[in-house]
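# Survey of secondary and tertiary structure
Below, each chain spelled out in residue letters.
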Amino acid sequence: MKEYKMRRGEYLEERIPDLESTVEEYFGPITGTEEFKGSDLFVIEEPANPVFERVVAGAVSYSGKKDKLAVEFHERDVADLGPDELEAAGDAVDKKNDFLLEATGRDAKSRRKSMKRSVEDDPDHDVDA
C-alpha cells in the first residue's frame, strides 16, 4: 500500500469532496471496504479496466496531521493479457496518473521525488554505503 501526501496547504477532502464517487468514476463499482491503519478504504474487486485485478483506495486519517491518500493497485501480468486487453494497458496507466494527480495535486515526477525524500528521511531505512 502506498500513501500519498497532498501539496503543501492542500487537503484531500478539499481536492476530492466525494472520494467514494471519484474512486468509482475512475475504477468501477466499490464492492467492499478494507481496514488500513484504522481507516476504511474502498475496494474494487472487479475494476472496469481489465489490466487491474483489484484496486484499494481511500483516505487514511492521522491524529494531528493531514489525511493521506492510500492506494494499492493489483495489476495482471502483461504476459497474461490478450491483444484487446493490451490496448487497455495505456488507459490503465492514464487512469492511475489522472486519479493521483486529481487527489494529490502532484504529477508523477513530483510524486516520485516526494516518495524518494520520505525514504531518505526514514531513520529505519538501511542503506549500505
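Every chain begins its residue count from 1, and numbering advances along the sequence as written. pLDDT decides what is reported in this predicted model: residues at 70 or higher carry local features, side-chain atom pairs at 80 or more are listed and counted, and totals for whole chains, interfaces and linings draw on all residues regardless. Excluding hydrogens and water, the side-chain values take into account all heavy atoms of the structure.

## Quick word on the environment of Glu 13
Secondary structure follows DSSP: runs of H or I at least 4 residues long count as helices, runs of E at least 2 residues long count as strands, and numbering of each begins at the N terminus. With respect to the helices and strands, the residue Glu 13 is situated in helix α1 (residues 12-15). Buried residues are those whose accessible area, probed at 1.4 Å on protein chains only, stays under 20% of the maximum for their type, while exposed residues exceed 50% and partly exposed ones sit between those limits. Given the relative accessible area of 46%, Glu 13 is considered partly exposed. The spatial distance from the C-alpha of Glu 13 to the C-alpha of Lys 68 is 9.9 Å, given a sequence separation of 55 residues.

## Examining the nonpolar core
Ranked by size, the top nonpolar core spans 23 residues in total, and within it Leu 19, Val 23, Phe 27, Leu 69, Val 71 and Phe 99 carry the most contacts. Mapped by element, the contributors of at least two residues to this core are α2 (19-27), β3 (39-44), β4 (52-60), β5 (68-75) and α3 (83-104). In terms of residue count, α3 provides more of this core than any other element does, five residues in total. Those residues in contact with Leu 19 that sit more than four places away from it in its chain are Leu 12, Phe 42, Gly 58, Ala 59 and Phe 99. In plain words, nonpolar cores are sets of buried Ala, Val, Leu, Ile, Met, Phe, Trp, Tyr and Cys residues tied together by side-chain atoms within 4.5 Å. If you look at the next biggest cluster of nonpolar residues, it comprises six residues, including Phe 36, Leu 41, Val 43 and Ala 70. For this analysis, residues touch if any pair of their heavy atoms sits within 4.5 Å.

## What about the packing of aromatic side chains?
Note on aromatic pairs: the rings of Phe, Tyr and Trp (six-membered ring only in Trp) are paired at centre separations within 6.5 Å, and the planes decide the class, stacked below 30 degrees, edge-to-face beyond 60, tilted for the rest. Taken as a whole and judged by the stated rule, the model has six aromatic pairs. Centroid distance Phe 27 to Phe 52: 5.8 Å. Interplanar angle 80 degrees. Geometry classified as edge-to-face. Here the residue Phe 27 occupies a position in helix α2, and Phe 52 occupies one in strand β4, the gap between them amounting to 25 residues. Residue Phe 52 is classed as buried on the basis of its relative accessible area of 4%. Whether a charge lies above a ring is judged from NZ of Lys or CZ of Arg, which has to be within 6 Å of the ring centre and within 35 degrees of the ring normal. Its guanidinium or amino end placed over the ring of Tyr 62, Lys 68 lies 5.7 Å from that ring's centre, counting from NZ or CZ.

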